[in-house]
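# Commentary on secondary and tertiary structure
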Amino acid sequence: ESDVESDAESDVATSTRGFRRESPHDGRDRLVVDPGEADDFRGDDDDDDDDGGGALREQSEMDPIALASAAVKASRARSMYDDVRRFFRRDRGRIDRADWDRYMRHRAKTHADTSCNFVLINPSTPANYFHALRRQANVPHVKPLVVLAPKYLLHHRPCASPLRDFGPGTRFHAVVGDGDVGDNSVEPDSLTGARRRPKASNVRRVVVCTGQVYYKLQQLRRAKGAKDVALVRLEQLSPFPHAALARRLARYPNAELVWCQEEPKNMGYWAFAQPRINTAVREILEVEVGRRAAFGGDDDGDDDGGNETNEVWGEPRGGSFSSSGTGRDEVRRVRYVGRPAAASPATGSPAIHAIETRALVHEALGLEHDGIHLAEPRSSVPRY
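In short, a report on the structure. It should be emphasised that the depicted structure is a prediction, and the values quoted were computed from it without experimental measurement. (Residues numbered from 1 in each chain as written. Predicted model: local features only at pLDDT ≥ 70, side-chain atom pairs only at ≥ 80, totals over all residues. Heavy atoms only, no water.)

### Side note on the overall build of the chain
Along its length, the chain carries 13 helices and 11 strands. For the chain, the residues scored as buried account for 44% of the 384 residues in total. Of all intrachain contacts in the chain linking residues separated by at least 6 positions in sequence, the fraction that spans at least 24 positions is 74%. Element-wise, carbon and sulfur atoms account for 52% of the exposed surface of the chain, whose accessible area totals about 20700 Å². (Helix = DSSP H or I, 4+ residues; strand = E, 2+ residues; numbered from the N terminus. Buried < 20%, exposed > 50% of the residue type's maximum accessible area, 1.4 Å probe, protein only. Contact = heavy atoms within 4.5 Å. Areas by Shrake-Rupley, 256 points an atom, 1.4 Å probe, with all protein chains shown as cover.)

Pasting the structure below:
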């Protein structure tokens, strides 16, 4: 949440040319796009009579660094102005403070990749790993890439991708849900190419996970025929794909939300993912749904959009979160299912480890099982 707010504040301070603030009688601040200033905001390098431009050219002739700095600022200004026009779908007029805040949250999301210090991924398919390396080689902004994929998946037979997932028109997916492009557990239809996913009205629980635990959950779900559980994989953890995850969760508006991991509660990704998943559900999804209701369509341009907009919005749009209703906060806040907090990352006993793994995948899917129950404390030591 703080990352999004800080990015928004930095973008607000980037440039204010082309906008002027008004305080009308109703007390609401408005940013007004001034057409005259907008021309200056876009930059006019052809006007030789502009004293400011002449001074800038004189300075640039003496200082190449000043020329490069001015070019970067002008490029950012033009980019931001064009982005504002696309977002609000107009060239001029009044922009309420609430609408401007909504735009800044959108801008912070779309520029998360360029403002982050590094990229952290945990790919669960060979195709996603391939596209992550390809993206790293071709990305215009150079950032360190941290890959935390376990060696176990190198020889795990279900961890395989068809050749078509490596071909033209394919790319890296920060989030992979059931039936999405990149989901290697479902074969697409031979005629339409569509992948089958659980019926939204029948899903009672959505399990969010990352890494190799997905294959244990998928294997048990298929063996037990649990068609009322949907699985969502986080393939990229930083920058966190808020909007992409929120759109997957929007498919199942009435389902319980669960995070599953194999590591103890005080390890793994739970402490990092919990507040960000709640942010994706509480803020970003509500902003997206409200903007679609007000303006129609999808124009967010987030990190999971682009060439596959139909993949995201190709299903019925009836699934959305209501701003009212009982139990909404209880249902839509992520809950932890996994090993309790521990001082050691492993028990030291393969037999106990296997029993705990069996218990956590059953409890994550909401299935009955015999043996230990990780949801209940096994000792008098308080868990956190």
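### What about the sheet that holds strand β5 (residues 145–147)?
As summarised here, the arrangement of the three strands in space is β5-β4-β9, forming an open sheet in which the pairing is mixed. Pairing within the sheet leaves two strands with one partner each, and these edge strands are β5 and β9 (236–238). The mean inter-strand angle of the sheet, taken between neighbouring strand axes irrespective of direction, is 25°. As judged from the three bridges shared by strand β4 (residues 119–121) and β5, these two strands associate in the parallel manner. Bridge pairing in β5 links Leu-120 to Val-146. Strand contacts of helix α7 (residues 126–138): β4, β5 and β9, with the helix running at about 165° to β5, the strand carrying the most contacts. (Pairing = 2+ DSSP bridges. Axes fitted to C-alpha atoms, helices over the stretch in contact; angles between N-to-C directions.)

### A word on the packing of helix α8 (residues 213–224) against helix α13 (residues 350–365)
Contact geometry for α8 and α13: axes closest at 10 Å, N-to-C directions at 65°. Regarding the angle of α8 to α13, the classification is roughly perpendicular. α8 and α13 meet at a crossing whose hand is right-handed. Along the contact surface, α8 presents Val-213, Lys-216, Leu-217, Leu-220, Arg-221 and Lys-224, while α13 presents Thr-357, Leu-360, Val-361, His-362, Ala-364 and Leu-365. Grouping the constituent residues of the contact of α8 with α13 by class yields seven nonpolar, two polar and three charged. (Parallel < 35°, antiparallel > 145°, perpendicular 65-115°, else oblique. Left-handed = near helix turned anticlockwise from the far one by under 90°. Nonpolar A, V, L, I, M, F, W, Y, C, P; charged D, E, K, R; others polar.)

### What about the nonpolar core?
It is characteristic of soluble globular proteins that their nonpolar side chains tend to be buried jointly. Counting 32 residues, the largest nonpolar core has Val-206, Val-208, Leu-245, Leu-257, Trp-259 and Ile-277 as the members making the most contacts within it. Mapped onto this core, the elements with two or more residues apiece are β4, β7 (205–209), β8 (229–234), α9 (242–249), β10 (256–264) and α10 (270–295). The leading source of residues in this core is α10, at five residues. Leave out the neighbours within four places in its chain, and Val-208 touches Val-232, Leu-234, Leu-249, Leu-257, Val-258, Trp-259, Cys-260 and Ile-277. In this structure, Val-207, Leu-217, Ala-226 and Val-229 belong to the second largest nonpolar core, which totals 21 residues. (Core = buried A, V, L, I, M, F, W, Y, C linked by side-chain atoms within 4.5 Å.)

### Some words on the side chain of Asn-184
Relative to the helices and strands, Asn-184 resides in the loop between β6 (175–177) and β7. Its relative accessible area of 15% is what places Asn-184 among the buried residues. A polar contact is formed between the side chain of Asn-184 and the backbone oxygen of Ala-160, at a distance of 3.1 Å. Reaching out from Asn-184, the side chain makes a polar contact with the side chain of Arg-233 at a distance of 3.2 Å. The residues touching Asn-184, leaving out its near neighbours within four places in the chain, are Ser-124, Thr-125, Pro-158, Cys-159, Ala-160, Tyr-215 and Arg-233. (Polar contact = N/O pair within 3.5 Å; in protein donor to acceptor, adjacent residues only side chain to side chain.)

### Section: the pattern of salt bridges
With the rule as written, the count across this model stands at 14 salt bridges. Its salt-bridge partner being Arg-339, residue Glu-356 comes within 2.8 Å of it at the nearest N-O pair. With Glu-356 in helix α13 and Arg-339 in strand β11 (residues 335–339), this pair connects stretches of sequence that are 17 residues apart. Both residues of the pair, Glu-356 and Arg-339, belong to the buried class. Shared partners join several salt bridges into a network, and the residues in it are Asp-180, Arg-197, Arg-248 and Arg-251. (Salt bridge = Lys/Arg side-chain N within 4 Å of Asp/Glu carboxyl O.)

### As for unusual backbone geometry
A cis geometry characterises the amide bond from Ser-238 onward to Pro-239, with omega recorded as -5°. Structurally, Pro-239 is set in the loop between β9 and α9.

### What about α7?
Its 13 residues place the ends of α7 19 Å apart at the C-alpha level, agreeing with the 18 Å of an ideal helix rising 1.5 Å per residue. Of the residues making up α7, those classed as buried are Ala-127, Asn-128, His-131 and Ala-132. Down the axis of α7, the buried side of the element spans an arc of 135°, and every buried residue falls inside it. Buried residues in α7 make contact with β4, β5 and β6. (Expected span 1.5 Å × (residues − 1). Arc of directions from axis to C-beta.)

### So, the sheet that holds β6
As summarised here, the arrangement of the five strands in space is β6-β8-β7-β10-β11, forming an open sheet in which the pairing is mixed. Edge positions in the sheet fall to β6 and β11, since each of these pairs with one other strand and no more. For this sheet the average axis-to-axis angle between neighbouring strands, irrespective of direction, equals 25°. As paired elements, β7 and β8 share five bridges and run parallel to each other. Within the sheet, the bridge partner assigned to Val-208 lies in β8 and is Val-232. Lying over the sheet, α13 contacts β7, β8, β10 and β11, oriented at roughly 160° with respect to β11.

### Some details on the side chain of Asn-128
Within the secondary structure, Asn-128 sits in helix α7. Judged by relative accessible area, which is 3%, Asn-128 ranks as buried. Dropping the residues within four chain positions of it, Asn-128 is found in contact with Pro-123, Arg-171, Phe-172, His-173, Val-176 and Glu-235.

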